[in-house]
Amino acid sequence: MILTVPELEPEGREWPSLGGLVCQWIEEHLVFGPGDLLGQPAKLDEEKRFLLWRAYEIFPPGHEQEGRRRFKRVAFSLRKGSAKTELMAWIVAAELGAAPVRCDGFRKDGSPIGRPVTNPYIPMCAYTEEQTEELAYGALREILMRSKIADRFDIGLDRIIRIGKGGRADGKAAAVASSPSARDGARTTLNAFDETHRFTTPDL
């Protein structure tokens, strides 16, 4: 395996990113998950802001892949106690909600215009069903139930459905464990994986 670290700046300038818009959306709409700050307004520290900025970098105007995400896959490896599961839940909430997570063109100054995902489907996977429900999916569920946008969702024990116009289902996040064959062919807009160092069996 080869680890490559992408250059921070192409041609002496930063890559454009939707990360700033995503951070703003998280702090305006979401709350902290399970823990001492449960239910209080979400607040991102500088480390998480930087991670989100890099994760949502896009190719600049004039590039052959203009507006497309720079990274196809992103992995965060953070120390224990750094609320990485909560961060993942915030990202999933943004992708499931109406956050500006996709590029919809550029302004005259070169900054990107964001838009929500159309009909998202987000499986949230962990190595056991219990861990999925208690950590990754469980954090998302608690966050959305206590957020100011809770009425935009039908929140269940193992799936959260985004409610669209006319009360119709318009996207879903679901807790999944080690049964990938049941999801073969599913059109996913984001895959979220928690505690991947425990993914040691062939099916995982």
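Structure: see above.
The residue count restarts for each chain, going from 1 along the sequence in the order it is written. Note on the predicted model: pLDDT of at least 70 is required for a residue's local features to be given, and 80 or more for side-chain atom pairs to be given and counted; whole-chain, interface and lining totals, by contrast, use all residues. The basis for the side-chain values is all heavy atoms of the structure; hydrogens and waters are excluded.

Structural notes on the sheet that holds strand β5 (residues 159-163)
The condition that has to hold: Here a strand pair is declared whenever DSSP counts at least two bridges between the two strands. Secondary structure elements follow DSSP: runs of H or I of four or more residues count as helices, runs of E of two or more count as strands, with numbering from the N terminus. By definition, residues are in contact when any of their heavy atoms lie within 4.5 Å. Here, axes are lines fitted to C-alpha atoms. For helices the fit covers the stretch in contact, and angles between N-to-C directions go from 0 to 180 degrees.
Ordered by their spatial adjacency, 5 strands build an open sheet running β4-β5-β6-β3-β7, and the pairing between neighbours is mixed. Looking at the sheet topology across the chains shown, the edges are occupied by β4 (153-155) and β7 (192-193). Two strands pair when backbone bridges link them, and β5 and strand β6 (residues 169-176) are joined in this way by 4 bridges, in the antiparallel orientation. Bridge pairing links I163 to A169 in β6. In the packing of helix α3 (residues 84-96) onto the sheet, the strands contacted are β3 (121-125), β4, β5, β6 and β7, and the crossing angle to β3 comes to about 165°.

Re the environment of R198
When you line up the elements, R198 lands in the segment after β7. In sequence terms R198 and Y127 are 71 residues apart; their C-alpha atoms lie 6.4 Å from each other. The contact partners of R198, leaving out residues within four places of it in the chain, are Y127 and L204.

Brief notes about the environment of K72
Relative to the helices and strands, K72 is located in the loop between α2 (46-55) and α3. Remark: the alpha-carbon pair of K72 and A55, spanning 17 residues in sequence, is separated by 9.2 Å.

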